[in-house]
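Close look at the chain arrangement
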Amino acid sequence: MSVKEISQKGTTKPMSKAILRKTVVRNASFTLLTVALLLACSCSGSGTGFQPVKNTAKMAVPQREGWDLLPEILSRIIPPTFPNRDFNVTDYGAAGDGVTDCNPAFKKAIAACTQAGGGRVVVPKGIFLSNGPIHLDNNVNLHVTKNATIMFGTNFDDYLPHVRVRWEGTECYNYSPLVYAYKKTNIAITGSGALNGQAESSWAMWSGKTRPGTTSNEKLRKMNHDDVPVEQIKIYAKPTMIEPFECKNVLIEGVTLNDYPFWCVHPVFCTNVTIRKLTIDSHNSNNDGIDPDSSTDVLIEDCFLDQSDDCLAIKAGRDNSAWRKGRACENIVIRNMPSNFGGIAIGSEIAGGVRNVFFYDCEYESGNVLYCKSNLDRGGFIKDIYIKNLKIGKARILRLRNNYHGYRGGNFPTEIRNINIEDVHIGAGSDETISLQGVEAAPVYDVFIKNVTVDTLEKGPIMHLRNAENVVLTNVSIAGEIQPTNPPMMPPEEKEQEGTASIAPRRNGKWSNSSNWETGRDGARLKWAGDDAERLPDDKIDERVLIGKSRVVPDGVTVTLDRDIDGEFEVRVYEQSTFIIPDGLTFKIKGPFIVDRTNSVAQQLGGTVEIAKNLDIDTTTGRYVIAGGSLNCGKLSLNEGMFVVDDSQGKIKSVTVRGEYRTGDGEGNTTTKFVAHKGGVTPVQCQDLNLDAYIGEKLVVDVTNYDYAANGDLLLFSYTGIRKGEFDGGPEKPTPQVTIIGARADLVYDDAGKKIKLTNFRP
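Residues numbered from 1 in each chain as written. Predicted model: local features only at pLDDT ≥ 70, side-chain atom pairs only at ≥ 80, totals over all residues. Heavy atoms only, no water.

The next subject is helix H5 (residues 217-225). When we look at burial in H5, the residues that qualify are Asn217, Leu220, Arg221, Met223 and Asn224. When H5 is viewed along its axis, its buried side chains cluster within an angular range of 160 degrees and face the same direction. With respect to the buried face of H5, the exposed residues turned more than 90 degrees away are Glu218, Lys219 and Lys222. Where H5 is buried, its residues touch strand S10 (163-167), strand S11 (170-174) and helix H6 (319-325). Count one or two residues on from H5 and you reach aspartate 227, which has phi positive near 60 degrees. (Buried < 20%, exposed > 50% of the residue type's maximum accessible area, 1.4 Å probe, protein only. Helix = DSSP H or I, 4+ residues; strand = E, 2+ residues; numbered from the N terminus. Arc of directions from axis to C-beta. Contact = heavy atoms within 4.5 Å.)

Here you go:
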């Protein structure tokens, strides 16, 4: 029988000869050691045998754990020091006029500093333009003085050639981070000046995370999952602001970091890192503040963060590349963060594992104390987390999720255990003040919350616990009530029958019959507001419905509405699934309606659909088709995919968008299609019309059955506000992307009349 080893994904594969050889040697050594110990224990104190070991209790070294580890960790975190030598960038050709390209001067000054054995590369007062990244070298302290600003240029190609990074958990080659170091020792960025990425007018103009026409997020994930060698993965994605990669002895202190493209401070595979007294201010998409990633011995303190995504997120990679590396993010210390801090997140890139996190002595206005997010494919672990001495204005105590969105097969859940929170005071709590969402394959273990007070609670429920073991609350008071020491668990999720479905909230609501809708917070796999930093959560949405891509409703189902619905829901149509709204029924929801992922379709055959929030088509192969009835929504966004007004039967009453009709928010390649009947087509009525796609917003109009000789112009859009852009394909495809089927005609943008229409029909 062949020797096998268990892979991290739960399958077996042949064990290599090298691993087998090491295993045999290790097992043989262990066997010899065991025999020696047995002989020592069995021999007497006389003769030629081994002498028994005496005073074993005195000789045993106790294993440190918990808060006892902190002094030892802090003793290893020592900021690097540098020789007392300065290399002023102006001596190498830099000019602080904001116009001269100082990138060559930075390179020369850094090279001279390294060659001399180290020191400070000094940026004096002024604005220093760098058309391209700054790459640090050994023993270099980039010192940005008061009233000095490094302004990074906005030409994307200046950040080539590609360098090795970890981008959203996947190792690959990407544009260079604005400040980058690879396998360097003793590096620093210090001073009281600023670094400005100018991303709002450049990188942020991409609606997606990757450059149009290049490797998408999905392709990158697949290459990672398929074990494509790192050297073969080349992407064009928004770069981080500062990324030391495989570096030792790192200091980032004092500077202000503004308007950056993506994550801000992102040490990857680093050891001995000090991050302190930073001011971080940026509100572009995915602007995480500080993200230590598979790094060891990291101190973060006294930083002021004002950003549009996670404030501080501890990460450890994702999927195969992180499993191969097998490096945890560990010994992370966060303390003395100022009032604007938003708590800490762990994940969702967690495949390498996170352990020994210490978070203490902070007072801030709002945010989760701890938010752990992972899912059934990320693997890794989150354990040995220690938190104490916090004072917060408004917060949830704890939120742990092992069902975060994005997983494919669900075969490698994350181990979450040993979470310790104590001595915390919160002014105002929120619903699910303590939320633990384990899964059957990986429950959450050993959660200890002690001496925690929440003065008031805006709404309930207080706790939401599922698939968790050994959860102990000691002196936990929420809204004046002491919580039970061993709080009750929620029941397992029901296994529901497939078939025609109705909405059935599990905890409340008048529709209580079983269905194959997955509803309620307890079953949610996605939270709509968590996907886009520009979308704010709506606390009024208390039920979330997924069609497809869940344990309750598998991929590829067809769900047909069978009764009138009016409730506080959000709805997603998922993987290869179809949601049908038949004629004669009313469907009203207070949240958004989202068509998401591969080949997902919503078909409105008639009836009345009212969506209080957005109608979003978020996938290239997704479609919303209205063939009858009336549709009314707050905003209609084609991030990708197609919106079809199929009025071939003349059954559509109205299509009303109270806010903006927008194309091109996501990966591009969006299509708006109209199918006219003999007498015309029901137009889209909206407030603003934004056709600002970057890679091809398409318009298709089928007038095969339209009697244009009798009816003349065909109205497609009417708007009451402003129109921006045209169906011209955007900068990547600067030619009109208009297809007319069944005749020839001219497309007219009539801004005086607030209309878009077809005119001058001809065979």
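Assignment of secondary structure puts alanine 148 in strand S9 (residues 148-152). Distance in space between the C-alpha atoms of alanine 148 and serine 192 is 8.1 Å, their sequence separation being 44 residues. Apart from the residues lying within four places of it in its own chain, the contact partners of alanine 148 are Val123, Pro124, Lys125, Gly126, Gly193 and Ala194.

What follows deals with the confidence of the model for the chain. When pLDDT is low, close inspection of the predicted coordinates is not appropriate. Looking at the chain as a whole, the pLDDT averages 82, with 80% of positions reaching at least 70. Counted against residues more than four places away or in other chains, residues 1-60, with its pLDDT under 50, gives 36 contacts. Predicted confidence for residues 494-542 stays below pLDDT 50, and this span has 151 contacts to residues more than four positions away or in other chains. (pLDDT = per-residue confidence, 0-100.)

Another point: the pattern of salt bridges. By the definition in use, this model includes 30 salt bridges. Where aspartate 226 meets lysine 222, a salt bridge forms, and the shortest distance between an N and an O atom there is 2.7 Å. The closest approach of N and O atoms between lysine 325 and glutamate 246, which form a salt bridge, is 3.4 Å. Taken together, the residues lysine 325 in helix H6 and glutamate 246 in the loop between strand S15 (242-245) and strand S16 (248-253) connect sequence positions 79 residues apart. Using a relative accessible area of 36% as the deciding quantity, one classes lysine 325 as partly exposed. (Salt bridge = Lys/Arg side-chain N within 4 Å of Asp/Glu carboxyl O.)

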